[in-house]
Amino acid sequence: MFSLTNPDGYQLSTDPERIDRDRVHHWLSTDAYWALGRDRETTDRSFAGSIPYGVYRPGDGAQVAVARVVTDRATFGWLCDVYVAPEVRGRGLGSWLAGAVRDHLASFGVRRIGLATLDAHGVYAKLGFTPVPPQRWMEWVDGR
């Protein structure tokens, strides 16, 4: 497992046992535009198939942010479900979390990390993420 402490005392951990699944599901299903209405079973399965990253407050250890990465741990990772609790936004935790994820994956040799965002381009651009030419990527979306 990977762990890191930032200068403010917040801790990052990939320990799946530390993820507050109730809190994470609430955040994603009620406040994250990409996961609104997501059911608990889907949230649980998505985290079970990913590397989870939790950020925990100094002192009481309450979870204040989350991200997960779907990866082969060799060539590619998909950074998703990045969420910072409203009460701690503006402290740089989102940038710190995304940068730590990037560096952790690089330690495996991962050389390409994808992500999608509607509103946080500036956060990721500061960390070296760049727009992808639209003709390069394709997707399939189940229209149900």
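Throughout, residues of each chain are indexed from 1 in the direction in which the sequence is written. Residues qualify for local features only when their pLDDT is at least 70, as the model is predicted, and side-chain atom pairs are given and counted only at 80 or more; totals for whole chains, interfaces and linings, by contrast, use all residues. Neither water nor hydrogens contribute to the side-chain values; these are computed over all heavy atoms in the structure.

1. Focus: the overall build of the protein chain
The numbering of helices and of strands both runs from the N terminus, where a helix is a DSSP run of H or I of at least 4 residues and a strand a run of E of at least 2. A tally of regular secondary structure across the protein chain gives four helices and six strands. The N-to-C order of helical and strand elements in the protein chain reads β-β-α-α-β-β-β-α-β-α. In this description the radius of gyration comes from C-alpha coordinates, and the expected globular size is given by 2.2 Å times residues to the power 0.38. Expected size for 144 residues packed as a compact globule is a radius of gyration near 15 Å; at 15 Å, the protein chain falls within 12% of this value. With respect to the principal axes defined by its C-alpha atoms, the protein chain has extents near 45 × 35 × 25 Å. Note on classification: 1.4 Å probe, protein chains only; a residue is buried when its accessible area is under 20% of the maximum for its type, exposed when over 50%, partly exposed between these limits. Here the protein chain, with 144 residues, has 43% of them falling under the buried criterion. A separation threshold of at least 6 residues defines the contact pool for the protein chain, and within that pool the share at least 24 residues apart is 57%. Accessible areas in this description were obtained via Shrake-Rupley with a 1.4 Å probe; residue shielding takes into account the shown protein chains only. For the protein chain, the accessible surface area stands at approximately 8600 Å², while carbon and sulfur atoms represent 52% of it. Just so you know, the count uses Lys and Arg for positive and Asp and Glu for negative, and it drops His and the chain ends. We put the charge of a Lys on NZ, of an Arg on CZ, of an Asp on CG and of a Glu on CD. The distance from the centre of the 17 positive side-chain charges to the centre of the 17 negative ones in the protein chain is 5 Å. Contacts between residues were defined by any pair of non-hydrogen atoms, one from each residue, lying within 4.5 Å.

2. Quick notes on empty space enclosed by the protein
For each structure, a 1 Å grid was placed over the protein atoms alone; sets of points admitting a 1.4 Å probe that cannot get out are labelled cavities, open sets with protein on both sides within 12 Å along at least five of seven lines are labelled pockets, and lining residues have an atom within 4 Å of a point. Grid points are joined across faces, edges and corners, and a volume is the space filled by probe spheres set on the points. Tallied over the full model, the rule gives one cavity of 30 Å³ or more. The computed volume of the largest cavity comes to approximately 30 Å³. Among the secondary structure elements, those contributing two or more residues to the lining of the largest cavity are helix 1 (21-31) and helix 2 (40-48). Among the elements that take part in the lining of the largest cavity, helix 2 stands out by supplying three residues, more than any other.

3. Looking at the nonpolar core
Formed by 37 residues in total, the largest nonpolar core has its most connected members in Tyr53, Val55, Leu79, Leu97 and Leu105. The dominant element in this core, judged by the number of residues it contributes, is helix 3 (residues 93-108), at seven residues. In plain words, nonpolar cores are sets of buried Ala, Val, Leu, Ile, Met, Phe, Trp, Tyr and Cys residues tied together by side-chain atoms within 4.5 Å.

4. Describing the packing of helix 1 against helix 2
What counts as an axis is a line fitted to C-alpha atoms, over the stretch in contact for a helix, and the angles between N-to-C directions run from 0 to 180 degrees. One way to put it is that helix 1 packs onto helix 2 with a least axis distance of 10 Å and a crossing angle of 115 degrees. By the angle between their axes, helix 1 is roughly perpendicular relative to helix 2. For the pair helix 1 and helix 2, the crossing hand works out as right-handed. Facing helix 1, whose interface residues are Arg21, Asp22, Val24, His25 and Leu28, helix 2 presents Arg40, Thr43, Asp44 and Phe47. When its residues are assigned to classes, the contact of helix 1 with helix 2 shows three nonpolar, two polar and four charged. For this classification, under 35 degrees means roughly parallel, over 145 means roughly antiparallel, 65 to 115 means roughly perpendicular, and everything else is oblique. Note on convention: the crossing is left-handed when the near helix lies turned anticlockwise from the far helix by less than a right angle, right-handed when the turn is clockwise. Residues are sorted three ways: Asp, Glu, Lys and Arg are charged, Ala, Val, Leu, Ile, Met, Phe, Trp, Tyr, Cys and Pro are nonpolar, and all the rest, Gly among them, are polar.

5. Details of the pattern of salt bridges
Oppositely charged side chains can form a pair if their charged atoms are brought close together. Within this document, salt bridges are pairs made up of a side-chain nitrogen of Lys or Arg and a carboxyl oxygen of Asp or Glu, the two lying within 4 Å of each other. Counting across every chain of the model gives eleven salt bridges. The partner of aspartate 81 in a salt bridge is arginine 38, with the nearest N and O atoms 2.9 Å apart. Here aspartate 81, found in strand 5 (residues 76-84), pairs with arginine 38, found in the loop between helix 1 and helix 2; they are 43 residues apart in sequence, far enough to count as distant. In this pair, the class of aspartate 81 matches that of arginine 38, namely buried. Here arginine 144 and aspartate 142 are joined by a salt bridge, their closest N and O atoms 2.5 Å apart. Since its relative accessible area comes to 31%, aspartate 142 is described here as partly exposed. Residues joined by salt bridges that share partners form a network here, namely Arg21, Asp22, Arg40 and Asp44.

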